[in-house]
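Structure at a glance
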Amino acid sequence: MRIALAQNNYIVGDVQYNLNLIKNSVQKAEEAGADIVVFSELALSGYPPEDLLLRPDLFGLIEGALSDLQQLNSNVAMVIGHPRQEGGKTYNSASLIHKGALLLCYDKQLLPNYSVFDEKRYFTPANDCPVVNFKGVNVSILICEDLWFTEPAQVAKLAGAELILSPNASPYYYGKAPVRGEEMSRRARENSIPVIYVNQVGGQDELIFDGCSSAYDSSGDCVFTAAEMSEDFACVDFDKATNHLSALQPSSKQWDDEEEIWQALVLGVKDYVGKNGFPGALLGLSGGIDSAVTLAVAVDALGKEKVNAVMMPFKYTSSMSIEDAKEEAEALGIDFDIISIEPIYDAFIQQMSGQLEGTELDTTEQNIQARCRGTILMGLSNKFGRLVLTTGNKSEVAVGYCTLYGDMAGGFDVLKDVSKTMVYKLAKYRNTISQVIPERVITRPPSAELAPDQKDEDNLPPYDILDGILEAYVEHDSSISDIVALGYDEDVVRRVIRLVDINEHKRRQAPPGIRISARAFGRDRRYPITSGFGRQFK
Ligand SMILES: Nc1ncnc2c1ncn2[C@@H]1O[C@H](COP(=O)(O)OP(=O)(O)OC[C@H]2O[C@@H]([n+]3cccc(C(=O)O)c3)[C@H](O)[C@@H]2O)[C@@H](O)[C@H]1O
Ligand SMILES: Nc1ncnc2c1ncn2[C@@H]1O[C@H](COP(=O)(O)OP(=O)(O)OP(=O)(O)O)[C@@H](O)[C@H]1O
């Protein structure tokens, strides 16, 4: 039996677009002589459809698309993921369609409701594991979370399954691929049944789906892995007599370390900009590391013609920053403008002079600089339609080292889940491909240049210390004493934690950004803004 794995990049909610992608893959499967082609979880709606699932009209579109697929009358059977309603309940389902007939409709049993998942809000869990005989092989369908636990596959085995076909929508975080691979391999080995695992690929708001669809032999060996971060189509053969799978093409190269994160960011920008219909993107280029890395990701994602940058100097901007920003723009071949914010800032201060009289200079004036820049970028976005990319990294977003309606003004924050320490690693990695970030941008101490001779380290602990504390507090939920026990100074730990806590309000107003960690701000870490929790640990 020849099984095709169709790893597509769907658009959530665009059932017609998804249907066309599916039809193209069915045609490829026919040409490849496949008996069956497997698609990812909720392929027809895209994953996650969120509250679109509460709309009755979504289900009309899905039913229309399913009947369209049946009318194809294809010789190739297809496993199609889709939401389904029956008796007032909604299920996360996959239908096996062959030659116009519905051979099996499987409903997902285990619904993930942790981390970024919210499936219990929409779906009713099923507890049935039907097996169907297709061309002499007992086939069972299990959907994503079903395979992360032992029981559903065991039940399928007891029901006589000889082959497991699994539609998935498994979002990326750095380091997940081996965890996922080990889990799928274990399911195959425990039951001595081959597992065909098909994931979707692409960016969906904050989530990245990395693809890496795979085929696991009955021994648990991975015989094939599809492309990481791009669409793919592949076939494997199942020999029932020997209970083995063989791949018909070599596995794709899997990335590691910084290269993988870079590609995830590139995919995130490409799909956010593309799927939302923007003609391109723009950003403020300061000569610092964050905007340099954001720019390089944007150009890798969209191409140099679709990206432009603006340097907006003020009296505290060093000539080195202007030179470095120019050099970055030239190295990447993008359009670059310089617009001074001095007269705009002066006008603001002049108009507010009555109110400001007798007050000391403080962050108020710094924030007005940042807001002058934000207003210019949003004006250019309004006029030319390009999306403003913001540049705040995870470390800054964590401690609120960013200005509301200033450098936070924009539509998509590329580095939102990338720590400052990782931003440096990414810059060095990208320069190994071609030198696009001047060396001194990487080596000089980071500065917001909002005050004379300002350095980030005047206000924040050094980034290696800050990132260590943040990782413990944000990603591992460690307590103050746990973090101090790791060797950090208690006063510094308390200060950082306080900043994280009091800046939840900023994060709620921040643009969405790409998730690359197992604990990103947003859906993954939902904290109250108004909270007295920290007071109890004084
Ligand atoms: N709980 C709450 N709910 C709703 N709103 C709340 C709030 N708490 C404060 N606020 C509001 O937020 C305001 C404070 O926020 P905001 O106006 O942003 O200002 P703020 O956080 O005071 O200042 C921005 C900080 O970020 C630094 N910065 C700025 C720009 C770039 C960079 C960089 O290196 O990338 C760093 C800058 O040096 C300064 O330390 C308050 O005045 C108040 O209006
Ligand atoms: N002089 C400037 N010209 C253009 N944009 C600027 C300028 N200064 C700040 N910005 C924008 O605001 C963002 C925040 O910059 P800031 O220098 O305050 O902090 P940062 O986190 O150190 O960022 P970067 O490393 O990019 O400088 C920058 O990434 C950039 O997009």
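Residues numbered from 1 in each chain as written. Chains lettered and ligands numbered in written order. Predicted model: local features only at pLDDT ≥ 70, side-chain atom pairs only at ≥ 80, totals over all residues.

Side note on the UniProt feature "binding site: ATP" (unreviewed entry) in the protein
For clarity, the cut-off: UniProt positions are given in the numbering used here, feature names are shortened, and annotations may be inferred rather than shown by experiment. Once C-beta atoms are placed from the backbone, each residue is buried if 20 or more other C-beta atoms lie within 10 Å of its own, exposed if 12 or fewer, and partly exposed for counts between those two. Once C-beta atoms are placed from the backbone, any two residues with those atoms within 7 Å are in contact. By definition, any uninterrupted DSSP run of H or I lasting at least four residues is a helix, any uninterrupted run of E lasting at least two residues is a strand, and each is numbered from the N terminus.
UniProt marks Gly 284, Leu 285, Ser 286, Gly 287, Gly 288, Ile 289, Asp 290, Ser 291 and Thr 391 with the feature "binding site: ATP" (unreviewed entry), using the numbering shown here. In summary, the annotated positions, though distributed over 108 residues, converge in three dimensions, the widest C-alpha pair being only 12.2 Å. Exposure remark for Gly 288: the 21 C-beta atoms within 10 Å place this residue in the buried category. Once you skip the residues sitting within four places of it in the chain, Gly 288 turns out to touch Val 441 and Pro 446. Along the polypeptide, Ile 289 turns up in helix α6 (residues 289-302). You can call Ile 289 buried: it has 23 C-beta atoms within 10 Å. Every residue in contact with Ile 289, bar those within four places of it in the chain, is listed here: Val 423, Tyr 424, Ala 427, Val 441, Ile 442 and Pro 446.

Some thoughts on the site of ligand 2
Note the cut-off: Placing a C-beta atom from the backbone of each residue, we mark the residue near a molecule or strand if the atom is within 6 Å of it. Residues were grouped as follows: Ala, Val, Leu, Ile, Met, Phe, Trp, Tyr, Cys and Pro as nonpolar; Asp, Glu, Lys and Arg as charged; and all remaining residues, including Gly, as polar.
Within the structure, ligand 2 sits among 20 residues, and Gly 284, Ser 286, Gly 288, Ser 291 and Ala 448 are positioned closest to it. Counting only elements with at least two residues in the shell around ligand 2, the list comes to β16 (281-284), α6 and β17 (307-311). Tallying contributions element by element places α6 first for the shell around ligand 2, with three residues. Its residues assigned to classes, the shell around ligand 2 comprises nine nonpolar, six polar and five charged.

Some thoughts on the domain arrangement of the protein
Threshold: Domains are outlined according to an automatic or database domain assignment.
The assigned domain composition of the protein is domain 1 (2-254) and domain 2 (258-453). For domain 1 versus domain 2, the separation of C-alpha centres amounts to 40 Å. Between domain 1 and domain 2, the contact holds eight residues from the first and 10 residues from the second. Every element with two or more residues in the side of domain 1 that touches domain 2 is listed here: β10 (201-204) and β11 (207-210).

Points about the sheet that holds strand β7 (residues 137-141)
Stated precisely, the cut-off is as follows: Each pair of strands is called paired provided DSSP finds at least two bridges between the two strands. Only the contacting stretch of a helix is used when fitting its axis, a line to C-alpha atoms as for every element, and angles between N-to-C directions run 0 to 180 degrees.
Spatial ordering of the open sheet is given by β6-β7-β8-β9-β12-β13, a layout of six strands whose pairing is mixed. Strands with a single pairing partner mark the edges of an open sheet, and in this sheet they are β6 (131-134) and β13 (222-225). Pairs of neighbouring strands in the sheet enclose a mean axial angle of 20 degrees, with direction left out of account. As paired elements, β7 and strand β8 (residues 163-167) share three bridges and run parallel to each other. Considered in β8, the bridge of Ile 141 is made with Leu 165. In the packing of helix α4 (residues 176-191) onto the sheet, the strands contacted are β9 (195-198), β12 (214-216) and β13, and the crossing angle to β12 comes to about 35 degrees.

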